[in-house]
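# Fold and geometry: a report
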Amino acid sequence: EGGSEFANGARRRGDASFNAAGVDDDPVDPGVMSLREAVEAFAQANDLAFVPKPGRTYEGLQVYSFGGVSVAIDTAGESLRAKVGDRWAPVSLDTLLKAHEERARAKSKTF
């Protein structure tokens, strides 16, 4: 069987069904994973730190560090934005992971 629990951007917890962003359409169900929890689980699955950056916000949203990438999570809009270069852009979890890998490669070449 194999396969990632994050395949196609979806994940199931119990009987709750998740949309393509990995977020359940029914926010009332306590067995449902929030977008922040989904990003945190994805970071853990890839052995990356996912921690808030105290005092840092983007458009009123808490900024987190996903490995080496700054990310803001808009739970109301169910969107994920990452700082790419000098601008913030919407990203998928896979794109976020690639951005972290590219940043890590770039930093390793500077030493």
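Bear in mind the structure is a predicted one, so any value in this text is a computation, not a measurement.

## Some points on the nonpolar core
With 17 residues, the main nonpolar core has Val39, Phe50, Phe66, Val71, Ile73, Leu80 and Leu96 as its most contacted residues. Considering every element that reaches this core, the biggest residue donor is helix H1 (residues 35-45), with 4 residues. For Leu96, the residues in contact, after removing those within four places along its chain, are Phe66, Val69, Val71, Leu80, Ala82 and Val91.

## Thoughts on the packing of aromatic side chains
Going through the model one piece at a time under the given rule, you end up with 3 aromatic pairs. Their ring planes at 15 degrees and their centres at 6.3 Å tell us that Phe42 and Phe66 sit as a pair that is stacked. Highlighted residues: Phe42 in helix H1 and Phe66 in strand S2 (residues 61-66), separated in sequence by 24 residues. For the pair shown, Phe42 and Phe66 are each scored as buried. Here the aromatic rings of Phe50 and Tyr64 are separated by 4.7 Å at their centres, their planes lie at 15 degrees, and the arrangement is stacked. In this pair, Phe50 is assigned in strand S1 (residues 50-58) and Tyr64 in strand S2, connecting sequence segments 14 residues apart. Side by side, Phe50 and Tyr64 carry an identical accessibility label, which is buried.

## Observations regarding the sheet that holds S2
Spatially, the 5 strands line up as an open sheet ordered S1-S2-S3-S4-S5, and their pairing is antiparallel. The sheet terminates laterally at S1 and strand S5 (87-90), the two strands that pair on one side only. Each strand axis lies, on average, 35 degrees off the axis of its neighbour in the sheet, ignoring direction. Pairing geometry for S2 and strand S3 (residues 69-74), over 4 bridges, is antiparallel. Looking at S3, one finds that Tyr64 is bridged to Val71. The sheet contacts of helix H2 (residues 93-108) involve S2, S3 and strand S4 (79-84), and relative to S3 the element is tilted by about 160 degrees.

Definitions and cut-offs
- Residues numbered from 1 in each chain as written.
- Predicted model: local features only at pLDDT ≥ 70, side-chain atom pairs only at ≥ 80, totals over all residues.
- Heavy atoms only, no water.
- Core = buried A, V, L, I, M, F, W, Y, C linked by side-chain atoms within 4.5 Å.
- Buried < 20%, exposed > 50% of the residue type's maximum accessible area, 1.4 Å probe, protein only.
- Helix = DSSP H or I, 4+ residues; strand = E, 2+ residues; numbered from the N terminus.
- Contact = heavy atoms within 4.5 Å.
- Phe/Tyr/Trp six-rings, centres within 6.5 Å; stacked < 30°, edge-to-face > 60°.
- Pairing = 2+ DSSP bridges.
- Axes fitted to C-alpha atoms, helices over the stretch in contact; angles between N-to-C directions.

Everything listed here is a matter of geometry and, on its own, says nothing about what the molecule does.
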